[in-house]
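Residue-level structure breakdown
Spelled out from the first residue to the last, the chains are:
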Amino acid sequence: KETEQDDSVDWERIASNDPRKSKRRRLDFLPVRCVNSKDEMDMIIANNMKKESVLGVPVVFQGAANVWAARKWTPDTFATDDVGKIETTFAVHERLGPMHVLRETENVQIETSFSDFADWLKRKPCSTDGLKDVSPDSHWAYASYKRMNTLFEKAPDIMAAIDWASCGIESSAGQSTFWMGSAGSTTPAHYDSYGYNYVAQLYGKKRWTLSPPESTEHLYPTRVPYEESSVFSEVNMRMPNTDTHPKALKAKMLEVVLNPGDILYVPRHWWHYVEALETSISVNTWVPHERDNFERVHEAMVRVLQGSLMQGSTISNSMWLNPGEEIYNKEVNLNLLFQSVQKAVPRLKK
């Protein structure tokens, strides 16, 4: 049986009391609203889908995914038969304390199968370089942002286990992304440029730290490393450094621990930082927003500027770009910008 992170150790309290880290401040976190009434959940989601009264604050729909077949998933589900042979990229990194802001560019990217990952979780021998010499006690591994229609195109049972419709959410497995990681794995603090987000926690627990759009100026946004549709924060949202990021203390922070079966609604442009408290499996779907076409113009402009900066830089592209991201040449970038403007302002097509 795999050993999970010991949640009884309050690393943040220990760190905040460390005299060597006196410029760190542990923040006060507000709770996220939780709803366990199906009628109330149906009303909120229906209003969101009709875009008549989109909710502006996060909400947890407790146990809403318990009716999904995917609630039976464990890491072993993905270690059997043909699914176990599927290989994908996992980010791997040493498990650090709460004071370190980890960028995705700092992770080691490895290719491994789901069966090898499941063996690694159980401390069994595995053959993957980058995993076989480290332990889940000292390192984490995380498969994130995986498009299900690509990753599981030959695994119909996996796809059929996702049931957004049971919650009134107009989406499908084909429009969802898959996340599976060991205890300690994290998603850096960022907000998504497009749409709004529903996240179904299917196995294990994750802690979400969230902050509203009006806190953006206090969270020191950055586009380095660049990833289309993701705006990152320089701030440690759990314990900001008041010397380097003094305005962070003015940011409003919320937190919630998602349990298996919970679905979290993340409104448009809300900042979030995510930690796996245990080995965890979740899926999410982004619902389009009426302003997405204008956001795509902004993103295309950022791509053009980023490409120009990179051309004159001696810094490695791996520091400028998130893993899997690509900046094209100037001509292609400008063409993408023009296309996005045409889509946002249709009359320009004339």
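How each quantity is defined
Residues numbered from 1 in each chain as written. Predicted model: local features only at pLDDT ≥ 70, side-chain atom pairs only at ≥ 80, totals over all residues. Heavy atoms only, no water. Pairing = 2+ DSSP bridges. Helix = DSSP H or I, 4+ residues; strand = E, 2+ residues; numbered from the N terminus. Buried < 20%, exposed > 50% of the residue type's maximum accessible area, 1.4 Å probe, protein only. Polar contact = N/O pair within 3.5 Å; in protein donor to acceptor, adjacent residues only side chain to side chain. Axes fitted to C-alpha atoms, helices over the stretch in contact; angles between N-to-C directions. Contact = heavy atoms within 4.5 Å. Expected span 1.5 Å × (residues − 1).

A short note on the sheet that holds strand E8 (residues 186–192)
Spatial strand order, E1-E13-E10-E15-E8-E12-E11: 7 strands in an open sheet with mixed pairing. Of all the strands in the sheet, just strand E1 (30–31) and strand E11 (221–227) have a single pairing partner and so form its edges. Inspection of the sheet shows E8 paired to strand E12 (residues 230–233) by 3 bridges, in the antiparallel sense. Bridge assignment links Tyr191 to a residue of E12, and that residue is Val231.

Regarding the side chain of Asn48
Structurally, Asn48 is set in helix H2 (residues 38–50). According to the relative accessible area criterion, Asn48 is buried, its value standing at 0%. A polar atom in the side chain of Asn48 sits 3.2 Å from the side chain of Tyr198.

With respect to the sheet that holds strand E5 (residues 108–113)
One open sheet holds the 9 strands; their spatial order is E2-E3-E14-E9-E16-E7-E6-E4-E5, and the pairing between them is mixed. At either end of the open sheet lies a strand with only one pairing partner, and these are strand E2 (33–35) and E5. Adjacent strand axes in the sheet meet at a mean angle of 25° when their direction is disregarded. Relative to strand E16 (residues 280–287), strand E9 (residues 196–203) runs antiparallel, the two being bridged by 7 bridges. For Ala200, the partnering residue across the bridge sits in E16 and is Val283. Contacts from helix H3 (residues 114–121) reach strand E4 (87–94), E5, strand E6 (139–147) and strand E7 (176–181) within the one sheet, and its direction differs from that of E5 by about 105°.

Structural notes on helix H8 (residues 330–344)
For an α-helix, the turn length of 3.6 residues means that residues three or four places apart are oriented alike. When the terminal C-alpha atoms of H8 are compared, their 21 Å separation across 15 residues agrees well with the 21 Å that a helix rising 1.5 Å per residue should span. Looking at the packing, one finds that the buried side of H8 touches helix H6 (292–311).

Some words on unusual backbone geometry
Omega for the peptide link from Val224 to Pro225 comes to 0°, which places this bond in the cis form. Considering the arrangement of structural elements, one finds Pro225 in strand E11. Unlike most non-glycine residues, Tyr145 shows phi in positive territory, near 55°. A relative accessible area of 23% means that Tyr145 is categorised as partly exposed. At Ser229, a residue that is not glycine, the phi angle is positive and equals roughly 75°. Given the relative accessible area of 18%, Ser229 is considered buried.

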